[in-house]
Amino acid sequence: MALAFTADQDQFRDSIQRFMTDKMPTTEVRRLMAATRGFDDETWRQVSDQLALPGIHIPEEFGGAGFGAVELSIACEEMGRGLFCGPFFSSAVLSAYALLLTGDEGQLDHWLADLASGTRRGCLAITEHSTLWQEGDINTLAKADSDGQIRLRGNKRFVIDGQTADLFIVAARSESGIGLYLIPDHDPQLGITPLDTMDPTRKMADLHLDDVPAIQLTHQPEHLLQTLLNVACICLANEMVGGAQQLLQSALDYTQLRFQFGRSIASFQAIKHRLADLLLEVELARSAAYQAAQTLAACENLRSLSPSQANKLTEHASLAKAAASETYLQAGLETIQLHGGIGFTWENDTHLWFKRAKSSEVLFGSPAEHRERMLTAIEDAATTTEDAA
Amino acid sequence: MSEHAAIHAEVTQWLSQHWDPDMDLLSWRSLVADSGWGAPNWPSDYYGKDLSPQQTAVVEQAFAEFGAVGAAQSGVRMLAAVTLLAHGSHEQKQKYLRGILTGEDQWCQLFSEPGSGSDLAGATTRADLRGDQWIVNGQKVWNTSAHHAQYGLLLARTNWDAPKHQGLTYFVINMEQPGVEVRQLAQMNGHASFNEVFMTDAVVSREDLVGAEGGGWQCAMTTLANERRSFDRARDVAGRKGRQGKIFADLEAEFAIANEPYTWYPQRAGRVDLVMPRAKETGAINDPATRQDIARLHIMAECAKWTGDRAKAAAKAGKPQGPEGSLGKLAASNVARLASRVHTAISGNDALLTGQTSPMDGLIAEILVSTPAISIAGGTDEIQKNIIAERVLGLPKEPRFDDGPFRDVRRNTQAPSEG
């Protein structure tokens, strides 16, 4: 499996890095995180038009650029590094993949192109009580009323960008099982409660669905929620690796500038060894995130995964999520420590990434949950192989 | 016919004329060495054919396909060859290279000392010129295979007034002489893979000084730069086991001796491959806490493997090496340490057993008692972290206290009869 990027991919990464340096300095991050809306329309338009990022992985026939999971994960990594404030993860990653997995031709034509162009901003509402998107956790009901209109009833939690989205994709239960439903716009029956999150750079809301009219997305592929969770974890892992790298860089920069006892504190072994350990952590997590993106890219058809593909995707997605979560948080803790007192101040930027690390650690499931999920996938794969033999 | 196909054909033809599995190993390898096919990347003046690494790979491939045995590869011999080819005199190359290829001569490395491990350039074994001979006094340690060796690669101090790196000189020393005493060094895991070497007025002729007087550090760097690769090659050859003929019997006997120091190395690395089977066997796989530990280990080991894959992929794509290429040793230490903990948790009370009574005929006990070595051997974790911090991350060095004349540098032991 190729774990080196092509020259085109390197160039693509550079262009996002330049954009982030230019448009998303921490002064801008601080401005947006303090705002209720949390993102800037002009910046989002540039991300969509100039860089065409929301459609990077969407097939060309539906208005995207037709690249794959590896390019998408590069975008996620660079956005994580620069702490991008905007609806990329909620719309381009979660909502677009939800549509790709479940929409029929007409639905993809209609909705996916809008997500690819950035003209609509989708959000994905799955979580209710537990974190791992188990089917048994979905209590929101989809029922047709007497006119045949499907209506959704229930509560959804931790919906990323729920307060600013203009398209809602909701997991709900009907007689035919768990499926996804699309709410094409705001509705009086749809209550949206913004959450006070520790990480103000990633806005979230709870949704209260009180018989909201919705469109059923046609396909209900096997492993639907688990595949979506895998995609979410792989993209988030890459985002986290970008953030961890930025923390490491800031620790390296600061410790070299800081002089105590007549020498740069980066010349003390006590500091150097911590930084070497942190580099190792970051590079190991990076390998996991890159490998998981490769595994996702290698699935030709996410709607019909073979059992071995599904197991491998789950194993690598959970592995990457667990590794990147632990590493990102560790990088946050180390970077604060290596800054000393200044690292605990509001003025210093470290806490912006630390808070993203903390929220990413538990989003879509904690490291411990993903370690267990990974191990179960490995055991399932072994059982499947034995059965086949 | 392409150039590579022509080489392949030429080697195959030579083998079909000369190869005879009923020859004894030494006679066969003498033929191979004199033909130039034993070390085709070496200069044609010295048992080689001036071939490129790619062409040499074709020759090795042809040997492998023919099922023929090549030149001797195991142990320190290839390190000696590389160093002599780079720094040795014409006479030294003529004298030593053939015996390296034929396997007649065993070699050992005499670098580390009880007083200089991480700080290798702080060696205090001394060599003093008396007439036409260098007289060597001092003690070396961690010398693999020294008890079988005819020759040693010796780093010794010849100038005490120069700064420490510049006062060292590199020699070939004859191990079979009264002034050299070799003692096997028992390890905490019961193996004795290394030796201590005591030199008391041992003699080295002037002709056996390699490179320049005071240029020993450069020569030692050449040796060390090739250290890991040579062990890989030695293991590759084991694939020919089980073939018929006297030559293969000789070869197996040779491997048995050459590989004896390394039988516990896989256990030293933690044997991650045994974790899942053992956890199923003992039922520990059903314990939620142990499952977390097993998963942590799996993640760490997979990430380490993929990090190595990234380094290889980058090299193959012709990209400059990133940090991923420098982290393998440190990652391996962490993996082994965690693996040892997980094996302990899986084995429960049985982890306190040793020898044949411990699980898997003692293999598990060998893991538990061998993993502490991996973060020391070949450069401690602490030195690795310094290297990563300074060379990869570009952080400033610690202040030094050893850059004046070596005579004035504080150290563990004073050399015998200094000055």
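Throughout, residues of each chain are indexed from 1 in the direction in which the sequence is written. As a convention, the first chain written is A and the first ligand written is 1, with the rest following in written order. Totals for whole chains, interfaces and linings use every residue, but because this is a predicted model, local features are given only for residues with pLDDT of at least 70 and side-chain atom pairs only at 80 or more, for both listing and counting.

Q: Quick question: what am I supposed to make of the overall build of chain A here?
A: Secondary structure follows DSSP: runs of H or I at least 4 residues long count as helices, runs of E at least 2 residues long count as strands, and numbering of each begins at the N terminus. Counting its regular elements, chain A contains eleven helices and nine strands. What you see for chain A is a C-alpha radius of gyration of 21 Å, in line with the 21 Å of a compact globule of 389 residues. By its C-alpha atoms, chain A is 80 × 55 × 40 Å across when sized along the principal axes. Each residue is classified by how many other C-beta atoms fall within 10 Å of its C-beta atom, where C-beta atoms are placed from the backbone; a count of 20 or more means buried, 12 or fewer means exposed, and values in between mean partly exposed. Across the 389 residues that make up chain A, the buried fraction comes to 54%. Counting contacts in chain A only where the partners sit at least 6 residues apart, residues at least 24 apart contribute 76% of the total. With the radius of gyration taken over C-alpha atoms, the globule rule is written as 2.2 Å times the number of residues to the power 0.38. We call two residues in contact if the C-beta atoms placed from their backbones are at most 7 Å apart.

Q: Even after reading the chapter, I still don't get the overall build of chain B, so can you show me in this structure?
A: Counting its secondary structure elements, chain B contains 14 helices and eight strands. Taken against the 2.2 N^0.38 rule, which gives 22 Å for 419 residues, the C-alpha radius of gyration of chain B at 24 Å falls within 12% of a compact globule. Buried positions account for 39% of the 419 residues belonging to chain B. Look at the contacts in chain B between residues 6 or more apart in sequence, and 71% of them connect residues 24 or more apart.

Q: What is the right way to read the packing of helix H12 (residues 328-347) of chain B against helix H14 (residues 381-392) of chain B from this model?
A: Angle between the axes and distance between the axes: these two values describe a pair of packed helices. Residue and element names in this part refer to chain B. The geometry of H12 relative to H14 is characterised by a closest axis approach of 9 Å and an angle of 145 degrees between their N-to-C directions. Every pair of crossing elements has a handedness; the one defined by H12 and H14 is left-handed. Facing H12, whose interface residues are Lys329, Leu330 and Ser333, H14 presents Asp381, Gln384, Lys385 and Ile388. Lines fitted to C-alpha atoms define the axes here, with helix axes fitted over just the stretch in contact, and angles between the N-to-C directions of these axes take values from 0 to 180 degrees. For any helix crossing, the convention is left-handed if the near helix is rotated counterclockwise from the far helix by under a right angle, and right-handed if that rotation is clockwise.

Q: When you look at the nonpolar core in this model, what are you seeing that I'm missing?
A: Soluble, globular proteins show a tendency: their nonpolar side chains are buried together. All names here are of chain A. Core analysis: the biggest nonpolar cluster contains 161 residues, and Val170, Ala237, Ala288 and Ala320 have the highest contact counts within it. Examining the composition of this core, we find that 17 residues originate from one element, helix H7 (residues 224-257), more than from any other. Once residues within four sequence positions are removed from consideration, alanine 320 is found in contact with Cys233, Ile234, Ala237, Ala288, Ala289 and Ala292. Under the definition applied here, buried Ala, Val, Leu, Ile, Met, Phe, Trp, Tyr and Cys residues are grouped into a nonpolar core through C-beta atoms within 7 Å.

Q: Please explain the interface of chain B and chain A as it appears in this structure.
A: As a measure of interface size, the accessible area lost when the parts come together is often cited. Contact with chain B, which involves 33 residues of that partner, is made by 29 residues of chain A. When contributions to the side of chain B that touches chain A are tallied by element, the ones reaching two or more residues are helix H11 (288-316), H12 and H14 of chain B. Residues of the side of chain B that touches chain A, tallied by class, amount to 20 nonpolar, three polar and ten charged. Note on residue classes: Ala, Val, Leu, Ile, Met, Phe, Trp, Tyr, Cys and Pro are nonpolar, Asp, Glu, Lys and Arg are charged, and everything else, Gly too, is polar.

Q: Explain helix H8 (residues 269-297) of chain A here, please?
A: Owing to its 3.6 residues per turn, the α-helix aligns residues three or four sequence positions apart on the same side. The end-to-end C-alpha separation of H8(A) is 41 Å, in line with the 42 Å expected for 29 residues at 1.5 Å each. Burial analysis of H8(A) places 22 of its 29 residues in the buried class, the great majority of the element. Residue count minus one, scaled by 1.5 Å, sets the expected span of a helix.

Q: For this particular structure, what's the right way to read the pairing of strand E7 (residues 194-205) of chain B?
A: Taken residue by residue, a regular strand's side chains alternate between the two faces of the sheet. All names here are of chain B. Any two strands with at least two DSSP-identified bridges between them are counted as paired. Here eight bridges tie strand E3 (residues 133-141) to E7, and the two strands are oriented antiparallel to one another. Counterpart to lysine 140 in the pairing with E7 is valine 197. As paired strands, strand E6 (residues 180-185) and E7 are joined by six bridges and run antiparallel to one another. Looking at E7, one finds that valine 182 is bridged to valine 197.

Q: Is there a simple way to think about the pairing of strand E1 (residues 107-110) of chain B in this case?
A: Residue and element names in this part refer to chain B. Across the two faces of E1 the burial is the same, with Trp107 and Gln109 and Cys108 and Leu110 all buried. In this sheet, strand E4 (residues 151-157) lies alongside E1 in parallel orientation, the contact comprising four bridges. Across the sheet, residue leucine 110 finds its bridge partner in E4, namely leucine 154.

Q: Could you clarify how one ought to interpret unusual backbone geometry in this entry?
A: Working note: non-glycine residues mostly have negative phi, and peptide bonds are mostly trans. Despite not being glycine, A:Phe261 has its phi angle at roughly 55 degrees, a positive value. Position of A:Phe261 relative to the elements: it lies in the loop between strand E8 (259-260) and strand E9 (263-264). What makes A:Phe261 exposed here is the crowd of 8 C-beta atoms within 10 Å. Positive phi, normally seen in glycine, also occurs at B:Tyr47, with a value near 65 degrees. As for its position among the elements, B:Tyr47 is in the loop between helix H2 (25-35) and helix H3 (53-66). Taking the C-beta count within 10 Å as the criterion, B:Tyr47 has 25 such neighbours and is therefore assigned buried.

Q: Any chance you could explain the environment of B:Ile374 here in plain terms?
A: Residues and elements named next belong to chain B. By the secondary structure assignment, isoleucine 374 is in the loop between helix H13 (363-370) and H14. Look at isoleucine 374 and you get buried, because 22 C-beta atoms sit within 10 Å. Remark: the alpha-carbon pair of isoleucine 374 and tryptophan 42, spanning 332 residues in sequence, is separated by 33 Å. Excluding residues within four positions of it along the chain, isoleucine 374 makes contact with Arg268, Ala269, Ala332, Ser333 and Ala336.

Q: Before we go on, may I ask you to explain the confidence of the model for chain B in this structure?
A: Interpretation of this model should avoid reading the predicted coordinates in detail wherever pLDDT is low. Residues and elements named next belong to chain B. On a range of 0 to 100, pLDDT expresses the predictor's confidence in each residue. Per-chain confidence: chain B averages 92 in pLDDT, with 95% of residues scoring 70 or above. Low pLDDT, under 50, characterises residues 230-236; the predicted model gives this stretch eight contacts beyond four residues in sequence or across chains. Overall fold confidence for the complex sits at a pTM of 0.93, while the interface term, ipTM, reaches 0.96.

Q: What exactly am I supposed to notice about the environment of A:Leu305 here?
A: Inspection of the secondary structure puts A:Leu305 in the loop between H8 and helix H9 (307-339). Beyond its immediate sequence surroundings of up to four residues, A:Leu305 is in contact with A:His223, A:Thr227, A:Cys299, A:Ala310 and A:Leu313.

Q: What's the story with the packing of helix H10 (residues 275-282) of chain B against H12(B) in this structure? I'm lost.
A: Residues and elements named next belong to chain B. Orientation of H10 relative to H12, taken along the N-to-C sense of each, is 15 degrees, at an axis distance of 9 Å. In terms of orientation, H10 lies roughly parallel with respect to H12. Both H10 and H12 take part in a crossing whose hand is left-handed. When H10 is examined against H12, the residues Val275, Arg278, Ala279 and Thr282 are found in contact with a partner set consisting of Ala339, Val342, His343, Ile346 and Ser347. Across the contact of H10 with H12, the residue classes break down as five nonpolar, three polar and one charged. The cut-offs work like this: below 35 degrees is roughly parallel, past 145 is roughly antiparallel, 65 to 115 is roughly perpendicular, and the gaps in between are oblique.

Q: Any chance you could explain helix H1 (residues 7-23) of chain A here in plain terms?
A: Residue and element names in this part refer to chain A. End to end, H1 covers 24 Å across 17 residues, agreeing with the expected 24 Å (1.5 Å per residue, within 8%). When H1 is considered as a whole, its buried residues turn out to be Phe12, Ile16 and Phe19. The buried residues of H1 all sit within an arc of 60 degrees when viewed along its axis, so they share a single face. Residues of H1 that are exposed and point more than 90 degrees away from the buried face comprise Ala7, Asp10, Gln11, Asp14, Arg18, Thr21 and Asp22. The directions considered for the arc are those from the helix axis to the C-beta atoms.

Q: What should I look at first to understand the environment of A:Asp104 in this one?
A: Residues and elements named next belong to chain A. Relative to the assigned elements, aspartate 104 resides in the loop between helix H5 (88-102) and helix H6 (105-117). C-beta crowding within 10 Å serves as the criterion here: with 11 such atoms nearby, aspartate 104 is assigned to the exposed category. Separated by 113 residues in sequence, aspartate 104 and leucine 217 have C-alpha atoms that sit 7.2 Å apart. The contact partners of aspartate 104, leaving out residues within four places of it in the chain, are Thr218 and His219.

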